[in-house]
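So you can see what is in the structure, the chains are spelled out below.
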Amino acid sequence: MNMTDIFSGMLRCALIIWVMCTSSAKAEFLTDLSEVKQRVQQKNRAPLLPAVHFLQSERIQAVTLSPNADYVLYLSSEEKAGIKRWSLNQYTLADHKITKLVTLRKRPSFEISKDSSALFVRVGEQLSVLPLTHKAKLKRLAKIDWKKKERFLGVDPSQPASFLVKKWRTNERIFEILSVAAAGKARVIWQTTMPFSQLLVNSKTGNAAFIKQVNTAEGNRGERFIHQVQADGSLKVVFTCQWDDKCQIQGFNDKSQQLLLQTNHDAEFKRLAWFDLKTQTLLDVAAQPQQAFDLVSATLGEDENGLLIPTSYLYQGAKTQQMSHHPVVAKHLTHIREYLEGKAFTYALPASIKAYQTKPWLITLKANSPTTHHYIYQPKQHTLQRILHEQTNALPQNDEKMKDTWVSEKAPVQYQSRDGFKLHGYLTLPNGVALSDAPLVVKAHGGPFSQVKWGFDRQTQLLANRGYIVFEPNFRASTGYGKGYEKGANKQFGLGIAHNDIIDGTHFILSQGIGNKDKLAIIGHSFGGFSSLTALTFEAKLFKVGFAGAPSLDIGRSARLYYRFAEKVRGQFSDYYFRQMILDWDDKAAKEQLTANSPSAHPDKIQSPVFVWAGRGDRKIFINDVNDYVLRLQEANKAVSYFVDPSALHSPTSKQGLMAYSYLLERVLAKYLDGHYLPLDPNKDKRLIRFIKKHMEIDKLALSDEL
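Given the structure is predicted, the values throughout are model-derived calculations rather than measurements.

Enquirer: Looking at this model, I keep getting lost on helix α8 (residues 527–538). Mind explaining?
Expert: Note: α-helices contain 3.6 residues per turn, so residues at a spacing of three or four share the same orientation. Compared with the 16 Å implied by 1.5 Å per residue over twelve residues, the 16 Å span of α8 between its first and last C-alpha is a close match. Listed in full, the buried residues belonging to α8 are F527, G528, G529, F530, S531, S532, L533, T534, A535, L536, T537 and F538.

The following block contains the structure:
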């Protein structure tokens with residue numbers, strides 16, 4: 001479940017807010033898939049590729065433009081003797097020189113100072129600074145104790161090279177907000193006893209300006225209050241977000257006394273709006289024309305007075321939809337689209353709006369492709385130059401580069417539920433196969449309050465490479481389509497609305513002549529695993545096999561567990577949202593109804609083979625519930641296999657664990673849908689085979705016997 005993390009809300013790095021421009025292909029949800037079918041079936045079929053081609057991460061990540069647009073930073077990874085190391089690198093745009101700044105054993109995250117002179121690097125609990133000078137070394141500045149609710153709050157927008165951190169003073173029992181300079185000197189900007197989830201600092205004065213705080217008082221209704229910090233340090237509530245509102249502080253205009261918010265307060269869809277502190281009214285900055293999708297992000301630029309101004313907006317529809325009311329941005333985007341022939345791209349701008357026409361932009365091209373391409377756009381010359389080409393395409397020795405022509409097409413689809421609700425999803429079609437006879441895999445997403453988006457998905461593409469059609473529905477409870485869509489499941493999980501939406505989508509795909517009704521499978525992880533078991537329980541004759549990864553057998557209890565975990569870690573959480581969206585765990589009748597509609601209450605109804613995966617250290621679900629459920633399936637003589645990864649949490653955490661998960665998934669599907677898979681090599685994959693055999697707790701599907 002997606003929860004808002006603490007961040008400064010002001011000028012961060014190069015104001016990198018990802019904005020993707022619409023591709024040349026139809027960017028709409030399709031109700032008729034005949035054209036897509038014809039196009040895909042005419043393509044050449046890709047060879048069966050090793051799973052590692054799909055599962056390995058890209059060699060360079062976190063490519064970031066500096067605020068002054070003089071350089072680009074990126075992370076690169078390299079593995080030697082089984083040990084993975086991460087390097088932080090600088091690519092200077094003037095001379096195209098690459099400098100390796102530091103190498104670390106753990107993957108770092110980083111922020112660039114406002115003046116672009118220093119990097120603030122986070123590795124675990126350690127916060128360090130790396131000045132961008134010759135032969136500079138990483139210097140530790142602070143340590144974050146998460147158990148005390150201490151947090152890194154981002155770059156200080158009021159200082160050239162400082163960051164913000166929230167520290168806990170045990171003796172005084174207060175939070176202290178510090179601005180820490182690259183040289184190491186710390187300045188207290190505010191003290192409070194009140195936990196908060198977001199902080200906005202005045203970019204001119206450096207003082208705390210606004211905080212967002214969750215109402216945790218007895219009898220609360222899930223409100224979040226936005227407080228303005230007064231001159232004496234006291235707080236004044238200026239805006240109240242209701243429990244079902246999206247509510248994020250973006251910035252503040254000191255001159256007009258307007259607060260910039262991302263919110264769907266008093267509206268169906270999330271948008272960008274100014275809240276006038278004087279008139280207490282919301283003024284929309286930009287509304288999405290179709291009024292069908294939530295705002296994903298906004299690009300803000302700094303004007304000549306140091307104020308942040310919205311310049312572009314991203315809405316995630318069928319693919320993407322980008323809007324810009326800023327004439328400079330709109331003009332240059334036209335040139336970029338022409339050069340890239342309408343392909344989808346993202347961009348990062350210089351921090352200053354004045355520099356939009358003179359300084360380089362970072363353009364990132366990544367559509368439904370395993371490889372990301374990076375360009376520098378020169379606005380004066382209207383030219384694009386490819387950068388980091390060799391680093392992007394670097395592969396381990398003897399590894400074969402995955403070609404874009406091998407990637408399966410992913411189409412956005414729209415269908416109607418049995419009660420008339422308009423639903424969305426995505427369909428990935430394997431190249432060069434007879435689609436009417438191909439096996440169909442329904443893949444339910446986790447959450448449930450999350451969303452399947454358009455773009456390259458590694459697991460989905462692996463299955464398509466094996467010849468499977470993959471359908472990913474955004475059932476009600478999915479995010480991104482407004483309040484009604486997200487709240488639409490109406491607490492009906494298990495046998496109910498969310499489940500029905502998945503089944504209705506499956507029948508819609510079959511009605512298009514896509515997929516063999518006798519070769520259906522359902523898979524998923526987390527809530528998707530719960531959905532998989534639900535379908536196998538209540539649609540016993542529809543699916544031939546199911547795969548459930550880290551399934552929550554009692555979603556109400558899991559929601560309560562997550563609430564307690566979040567409350568313990570963050571110290572600032574309300575259970576009201578969960579009670580409204582999933583289950584009021586004090587309502588005995590509602591709890592009994594949810595249990596009765598869950599797969600855990602009906603192991604006897606399972607007829608098809610099922611594979612269950614679990615992580616022994618999972619902190620989001622009760623693994624004892626999974627153990628109990630699988631044992632009851634075994635006692636009922638059901639065809640079940642159960643694998644427990646000893647080092648995994650809610651998902652695989654090791655390379656070996658990920659490879660085992662992937663192999664078991666494709667092997668189970670191949671066995672019961674007559675699909676393709678790549679068998680393990682007894683010599684090359686000796687360690688993986690031992691790992692799988694050792695940790696297969698129950699194996700009525702006889703998967704271990706084949707190894």
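Enquirer: Even after reading the chapter, I still don't get the packing of aromatic side chains, so can you show me in this structure?
Expert: The way to describe two aromatic rings as a pair is by their centre distance and the angle between their planes. For the coordinates displayed, the defined rule picks out 30 aromatic pairs. Plain terms: the ring middles of Y481 and Y485 are 4.6 Å apart, the flat faces sit at 35° to each other, and that makes the pair tilted. Residue Y481 shares its accessibility class with Y485, and that shared class is buried. Members of the aromatic cluster, joined through ring pairs, are W243, F449, F475, F493, F527, F530, Y576, Y577 and F578. Across from the ring centre of F196, 4.5 Å away, lies the NZ or CZ of K166, which sits over that ring. Residue placement shows R667 over the ring face of Y677; its charged tip is 4.2 Å from the ring centre.

Enquirer: Looking at this structure, I do not really get the pairing of strand β24 (residues 345–348). What am I missing?
Expert: Regular strands have side chains that alternate between both faces of the sheet. Burial along β24 is two-sided: F345 and Y347 and T346 and A348, pointing in opposite directions, are all buried. Of the strand pairs in this sheet, β24 and strand β25 (residues 361–365) are connected by four bridges, and their pairing is antiparallel. Directly across from F345, in β25, lies its bridge partner L365.

Enquirer: Looking at this model, I keep getting lost on the sheet that holds β25. Mind explaining?
Expert: Across the sheet, four strands lie side by side as β24-β25-β26-β27; this open sheet has antiparallel pairing. Both outer strands of the open sheet, β24 and β27 (383–387), are each paired with one neighbouring strand and no more. Taking the axes of each pair of neighbouring strands and ignoring which way they run, one obtains an average angle of 30° across the sheet.

Enquirer: When you look at the pattern of salt bridges in this model, what are you seeing that I'm missing?
Expert: Opposite charge on two side chains allows them to pair when their charged atoms are near. Applying the stated criterion to the full structure yields 29 salt bridges. Across the pair K443 and D457 runs a salt bridge whose closest N-O atoms are separated by 2.9 Å. One end of the pair, K443, is in strand β30 (residues 440–444); the other, D457, is in the loop between β30 and α5 (458–465), and 14 residues separate them in sequence. Its salt-bridge partner being R579, residue D586 comes within 3.2 Å of it at the nearest N-O pair. One network of salt bridges, in which partners are shared, links D575, R579, D584 and D586.

Enquirer: Which parts of the structure should I look at to understand the packing of α5 against helix α13 (residues 655–673)?
Expert: The geometry of a pair of packed helices is captured by two quantities: the angle between their axes and the separation between those axes. Axis separation between α5 and α13 bottoms out at 11 Å; the angle between their running directions is 40°. Taken together, the axis directions place α5 and α13 in an arrangement best described as oblique. In this structure, the crossing between α5 and α13 has a hand that is right-handed. Only Y661, S662, L665 and L669 of α13 make contact with α5, whose side of the interface consists of Q459, L462 and L463.

Enquirer: How do you make sense of the side chain of K270 when you look at a structure like this?
Expert: For K270, the position within the fold is in the loop between β18 (258–263) and β19 (271–276). There is no salt bridge for the buried K270, and the closest opposite charge comes from D294, which lies 6.3 Å off by N-O distance. Leaving out residues up to four positions away in the same chain, K270 has contacts with K246, Q262, T263, N264, F293, D294, L295, V296 and Y315.

Enquirer: So what exactly am I meant to see when it comes to the environment of K422 here?
Expert: Topologically, K422 is positioned in strand β29 (residues 422–429). Spatially, the C-alpha atom of K422 lies 9.2 Å from that of Y485, the residues being 63 residues apart in sequence. What K422 contacts, discounting residues up to four positions off in sequence, is Q414, Y415 and Y485.

Enquirer: It is not clear to me how the state of the cysteines should be interpreted in this structure. Could you clarify?
Expert: Two cysteines whose sulfur atoms are joined by a covalent bond form what is called a disulfide. Applying the stated criterion to the full structure yields one disulfide. Paired by a disulfide, C241 and C247 hold their sulfur atoms 1.8 Å apart. Considered together, C241 and C247 belong to a single accessibility category, that of buried residues.

Enquirer: What is the right way to look at helix α3 (residues 327–339) in this model?
Expert: The terminal C-alpha atoms of α3 lie 19 Å apart, and with 13 residues this matches the ideal 18 Å at 1.5 Å per residue to within 8%. Along α3, the residues that are buried comprise V328, V329, H332, L333 and I336. The buried residues of α3 occupy an angular sector of 120° when projected down its axis, which confines them to one face. Turned more than 90 degrees away from the buried face of α3 sit P327 and E338, all of them exposed. Just beyond α3, the residue with positive phi is E341, at close to 55°.

Enquirer: Any chance you could explain unusual backbone geometry here in plain terms?
Expert: What is expected of a backbone is that most residues other than glycine have negative phi and most peptide bonds are trans. Following G447, the chain continues into P448 via a peptide bond in cis, with omega recorded as 5°. As for its position among the elements, P448 is in the loop between β30 and α5. Even without glycine at this site, K135 takes up a positive phi of about 60°. The class for K135 is exposed, based on a relative accessible area of 69%. Residue H382 is not a glycine yet carries a positive backbone phi of 55°. Tracing the backbone through its elements, the reader meets H382 in the loop between β26 (373–378) and β27.

Enquirer: For this particular structure, what's the right way to read the sheet that holds strand β13 (residues 198–201)?
Expert: Neighbouring strands of a sheet are bound in pairs by backbone hydrogen bonds; such pairs are parallel or else antiparallel. The strand order across the open sheet formed by four strands is β13-β14-β15-β16, and the pairing between neighbours is antiparallel. Each edge of the open sheet is held by one strand with a lone partner, namely β13 and β16 (235–241). Averaged over all pairs of adjacent strands, the angle between their axes in this sheet comes to 20°, without regard to strand direction. As paired elements, strand β15 (residues 224–229) and β16 share six bridges and run antiparallel to each other. Opposite R224, over in β16, you have C241 as the bridge partner.

Enquirer: Just checking my understanding: could you explain the nonpolar core for this structure?
Expert: The nonpolar side chains of a soluble globular protein tend to be buried, and buried together. With 105 residues, the main nonpolar core has F493, F611 and L669 as its most contacted residues. For this core, the element with the highest residue contribution is α13, accounting for nine residues. Sequence-distant contacts of F493, defined by excluding residues within four places in its chain, comprise P448, F449, A477, A498, F527, F530, I555, M581, I582, L594 and N597. Listed in part, the 16 residues of the second largest apolar core include Y356, W361, Y375 and L384.

Enquirer: How do you make sense of the packing of α13 against helix α14 (residues 686–694) when you look at a structure like this?
Expert: Direction vectors running N to C along α13 and α14 enclose 75°, while the axes themselves pass 10 Å from each other. Relative to α14, the element α13 is oriented roughly perpendicular. Here Q656, G657, M659, A660, Y663 and L664 of α13 come into contact with α14, specifically with R687, L688, F691 and I692. Its residues assigned to classes, the contact of α13 with α14 comprises seven nonpolar, two polar and one charged.

Enquirer: How should the pairing of β27 be read in this particular structure?
Expert: As paired elements, β26 and β27 share five bridges and run antiparallel to each other. Bridge pairing in β27 places Y375 opposite R386. Counting the residues that bridge the hairpin from β26 to β27 gives four residues, and of these H382 lies at a positive phi of roughly 55°.

Enquirer: What is the right way to read the side chain of Q258 from this model?
Expert: Among the structural elements, Q258 can be located in strand β18. Exposure remark for Q258: the relative accessible area of 17% places this residue in the buried category. Side chain to side chain, Q258 and S256 meet in a polar contact 3.2 Å long. Ignoring anything within four residues of it in the chain, the contact list for Q258 reads G251, F252, N253, W274, F275 and D276.

Parameters and conventions
- Residues numbered from 1 in each chain as written.
- Predicted model: local features only at pLDDT ≥ 70, side-chain atom pairs only at ≥ 80, totals over all residues.
- Heavy atoms only, no water.
- Helix = DSSP H or I, 4+ residues; strand = E, 2+ residues; numbered from the N terminus.
- Expected span 1.5 Å × (residues − 1).
- Buried < 20%, exposed > 50% of the residue type's maximum accessible area, 1.4 Å probe, protein only.
- Phe/Tyr/Trp six-rings, centres within 6.5 Å; stacked < 30°, edge-to-face > 60°.
- Lys NZ or Arg CZ within 6 Å of the ring centre and 35° of its normal.
- Pairing = 2+ DSSP bridges.
- Axes fitted to C-alpha atoms, helices over the stretch in contact; angles between N-to-C directions.
- Salt bridge = Lys/Arg side-chain N within 4 Å of Asp/Glu carboxyl O.
- Parallel < 35°, antiparallel > 145°, perpendicular 65-115°, else oblique.
- Left-handed = near helix turned anticlockwise from the far one by under 90°.
- Contact = heavy atoms within 4.5 Å.
- Lys, Arg positive; Asp, Glu negative; His and termini not counted.
- Disulfide = S-S within 2.5 Å.
- Arc of directions from axis to C-beta.
- Core = buried A, V, L, I, M, F, W, Y, C linked by side-chain atoms within 4.5 Å.
- Nonpolar A, V, L, I, M, F, W, Y, C, P; charged D, E, K, R; others polar.
- Polar contact = N/O pair within 3.5 Å; in protein donor to acceptor, adjacent residues only side chain to side chain.

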